[in-house]
Every structure is written in C-alpha cells, then in structure tokens.
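Chain by chain, the residues run as shown.
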Amino acid sequence: MCIRDRYMGNQSHPFVREQLNQWIRWLVDTFKFDGIRISSIPNVPKDFWVEFVQSAGVFSIGENSVDIENYVYDYLDSMDSVLNYPGYNQVVRSFNEQGSLLDLEQYLKRLETVPKKEFLGSFLDNHDNKRFLNVNPSFYLLRNAIVFTFAQQGIPIIYSGTEQAFGGGDEPLNREVMWGRLFVESNLYQFIRTIIKARKEYQWDNYPIQLGNFSKSFASFFRGKVLFAFTNAPLPIFKVVQNQPFAEGEVICNILTLSLIHISEPTRQAEISYAVFCLKKKKT
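What counts, and at which threshold
- Per chain, residues are indexed from 1 in the order of the written sequence.
- Residue-level local features of this predicted model are given only where pLDDT is at least 70; pairs of side-chain atoms are given and counted only at 80 or more, and the full residue set underlies all totals for whole chains, interfaces and linings.
- Computation of side-chain values covers all heavy atoms of the structure but excludes hydrogens and water.
- To qualify as a helix, a DSSP run of H or I must reach at least 4 residues; to qualify as a strand, a run of E must reach at least 2; elements of each kind are numbered from the N terminus.
- Using a 1.4 Å probe on the protein chains alone, a residue whose accessible area is under 20% of its type maximum counts as buried, one over 50% counts as exposed, and one in between counts as partly exposed.
- Two residues form a contact once any of their heavy atoms are found within 4.5 Å.
- Surface accessibility in these figures is a Shrake-Rupley result with a 1.4 Å probe; residues are shielded only by whichever protein chains are displayed.
- When charges are counted, Lys and Arg contribute as positive and Asp and Glu as negative, whereas His and the chain ends are disregarded.
- Every charge is mapped onto a representative atom, which is NZ of Lys, CZ of Arg, CG of Asp or CD of Glu.
- One side-chain nitrogen of Lys or Arg within 4 Å of one carboxyl oxygen of Asp or Glu is enough to make a salt bridge.
- One less than the residue count of a helix, multiplied by 1.5 Å, gives the span that helix is expected to have.
- Taking the helix axis as origin, the arc is that swept by the directions to the C-beta atoms.
- Every angle, taken between N-to-C directions, lies between 0 and 180 degrees, and every axis is a line fitted to C-alpha atoms, over only the stretch in contact when it is a helix.
- Roughly parallel means an angle under 35 degrees; roughly antiparallel, over 145; roughly perpendicular, 65 to 115; everything else is oblique.
- Take the far helix as the reference: if the near one is turned anticlockwise from it by less than a right angle, the crossing is left-handed, and if turned clockwise, right-handed.
- The pairing criterion for strands is at least two bridges between them, as found by DSSP.

Asks: Outline the overall build of the chain, listing residues and values.
Replies: When its secondary structure is counted, the chain shows eight helices and 14 strands. Projected onto its principal axes, the C-alpha coordinates of the chain cover approximately 70 × 40 × 40 Å. The buried share of the chain, reckoned over its 284 residues, is 51%. Pairs at least 24 apart in sequence give 62% of the contacts found in the chain among residues at least 6 apart. Carbon together with sulfur atoms contributes 53% to the accessible area of the chain, which is approximately 14,100 Å² in total. Once the 30 positive and 30 negative side-chain charges of the chain are each reduced to a mean point, those two points are 6 Å apart.

Asks: Explain the side chain of Arg143 residue by residue, including any values.
Replies: Residue placement: Arg143 occurs in helix 7 (residues 139-151). Within the buried set, Arg143 has no salt-bridge partner at all; the shortest N-O distance to an opposite charge, 13 Å, is to Glu163. With near-sequence residues (within four places) excluded, Arg143 lies in contact with Asn187, Leu188, Phe191 and Tyr274.

Asks: Outline helix 8 (residues 187-202), listing residues and values.
Replies: For helix 8, which comprises 16 residues, the first-to-last C-alpha distance of 22 Å matches the rise-based estimate of 22 Å (1.5 Å per residue) to within 8%. Within helix 8, burial applies to Leu188, Phe191, Ile192, Ile195 and Ala198. Viewed along the axis of helix 8, the buried residues span an arc of 125°, placing them on a single side of the element. Helix 8 presents Arg193, Lys197 and Lys200 as exposed residues on the side facing more than 90 degrees away from its buried surface. Gln203 lies just past helix 8 and shows a positive phi near 50°.

Asks: For the packing of helix 4 (residues 85-96) against helix 5 (residues 102-111), give the residues involved together with the corresponding values.
Replies: Contact geometry of helix 4 with helix 5 gives a least axis separation of 9 Å together with a crossing angle of 165°. Looking at the two axes, helix 4 sits roughly antiparallel to helix 5. Where helix 4 crosses over helix 5, the two elements pack in a sense that is left-handed. Here Gly87, Gln90, Ser94 and Phe95 of helix 4 lie close against helix 5, whose contacting residues are Asp103, Leu104 and Tyr107.

Asks: Outline the environment of Ser55, listing residues and values.
Replies: One can find Ser55 in helix 2 (residues 46-56). For the pair formed by Ser55 and Val135, sequence separation is 80 residues and the distance between their alpha carbons is 40 Å. Look past the residues within four positions of Ser55 in its chain and what remains in contact with it is Asn21, Ile24 and Arg25.

Asks: Can you tell me about the pairing of strand 8 (residues 218-223), naming the residues and giving the values?
Replies: Among the six residues of strand 8, six are classified as buried, and the element is accordingly described as predominantly covered. With burial as the criterion, each face of strand 8 is covered, one bearing Phe218, Ser220 and Phe222 and the other bearing Ala219, Phe221 and Arg223. Summarising the sheet, strand 7 (residues 210-214) and strand 8 pair through three bridges and their orientation is antiparallel. In the strand pairing of strand 8, Gln210 is matched with Phe222. Between strand 7 and strand 8, which follow one another and run antiparallel, lie three residues. Across six bridges, strand 8 lies against strand 9 (residues 226-231) in antiparallel orientation. The residue of strand 9 that forms the bridge with Arg223 is Val226. In this structure, the hairpin formed by strand 8 and strand 9 is closed by a connection of two residues, where Gly224 is found at a positive phi of approximately 65°.

So this is what it looks like as structure tokens:
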C-alpha cells in the first residue's frame, strides 16, 4: 500500500492527527495490508510519522528522495525503513555511469556507521526515475548492479519490469504495462531468481560486510563465506582477489556462471564479470 503526504491535511491539528491515525488502522485491518510505503516523508513532521506507523501496526517504509545520507537515514528513527536513495545514486554513478568503484568502497564504509542499516530499502529501478537500461543499455553492467543491490546491507527491492529488461525513461514511460509481458524464462528473470535462491540458502544477510579489494573498475567484499565481485569495465577482467574468506584447498563456485575455482596460494586469479562465489556443495 502506498500513501501520499499531500492528501493528509494539517497533521499538527489534534483532530486531523487523530483521524489519520484511526484511518490507517482501519485501512490495515480492513484490507489486511502487511506493509505500507509512504511517499515524500520530509513534507510531514517526524513526530507524526512515529504515531502514524504505530497506529498502522505493520511494516513501514518511507521515501525521502534526497541524495544526502544523514538526512535520509535519520528517518529510520521515525519508521521501520526508508528507501536508500543515497545508495541508489551511488550505484547509478558506479555502474550506470561507470564512475570509479573506489567511491563505492567509501559508500560502504559510511554505510557501516548507520544504525538499522539492514532495514534500508535497496533498489535499482523505480517508478520515479529512468530505468537503468534507459540510461545505459548494457545488460552486463545491469547484472553487476543487480548483484550489488542484493549483496549490500538492506532489504532488496526489485521494481516490476527490471526482470523483463524494461528500459522506460521519465515517468510515465518507466511505468510499463506488465500484462502479457511476464516471461519467467527470460534471462534476467532467471538471473534474479538464482540470486534470491542463493540469498536464502547461504543467508549472507546474517553477516556484516568485510571489504575486499577495490580499484577504479573492480570491487569485492564478502559476507560470511560468500564473496561478491563486481566490475564496471566494458569486458570481464582477470583479477587476483587477495582479501576473501576461503581457505587454501577449498573449491568455490560462481553461482551466476557455475564456474569453479580451486583456492591455492599464492594465486587466486579468476575472470570477473559479476560474481557470487560460494563454497561448492559436496554431494551427499
């Protein structure tokens, strides 16, 4: 369910405030919503949002579309979650615009200091911005950005149509019709499905991010025994990943390409395009 602030009246008036809180409780109870998304949260005082989400009694996520980290993340004190617009803009700069991945490293370091960072809503496309493929038609870079969306700390959100390679521009062109266009065998659909399955199986969200190797065109970090690697170079690169969680003799698999790597000293070189490396499962 999505709520717009502009229709909510003068929240400083006690009667209006009470009625709005009763209204959201009625909506949730009547229609059995399991969560609410609130648009444009800076337009309403924070103390009202605290009461409002308590009255709703379900998960709440707010939208503050400013690219200022502290200003956005401070709203985590007022509701369960906020959309990670600073993270979205960093992903756009790093992958869509092919900026330096050293900036991605600094973003992850700053994110580590954010309380409740695991509740940030991580997204790549949405209904208010041009889709990734509209700005840069590279499926290769899109896959890197999708992996990062699931790998970083937060709640990953996939906007409908990304899995179908939609490339709409400014709204309403980015709000394409899904009817008759949901192809579950599409490459991107299966790509995202693989990542979701691995996230459930390896439960990397239970582990903090440990930074690996970073350069202008390469980035890696790991969470538990899962290593993530990215590049925004135009083609796959060969890279020795020194900071990683695996021991000598272990065999790992890039679940996105099913390629195997045997970990041995001193070389841990692999061809990197987009990768989620996990320990190879032993047959039982």
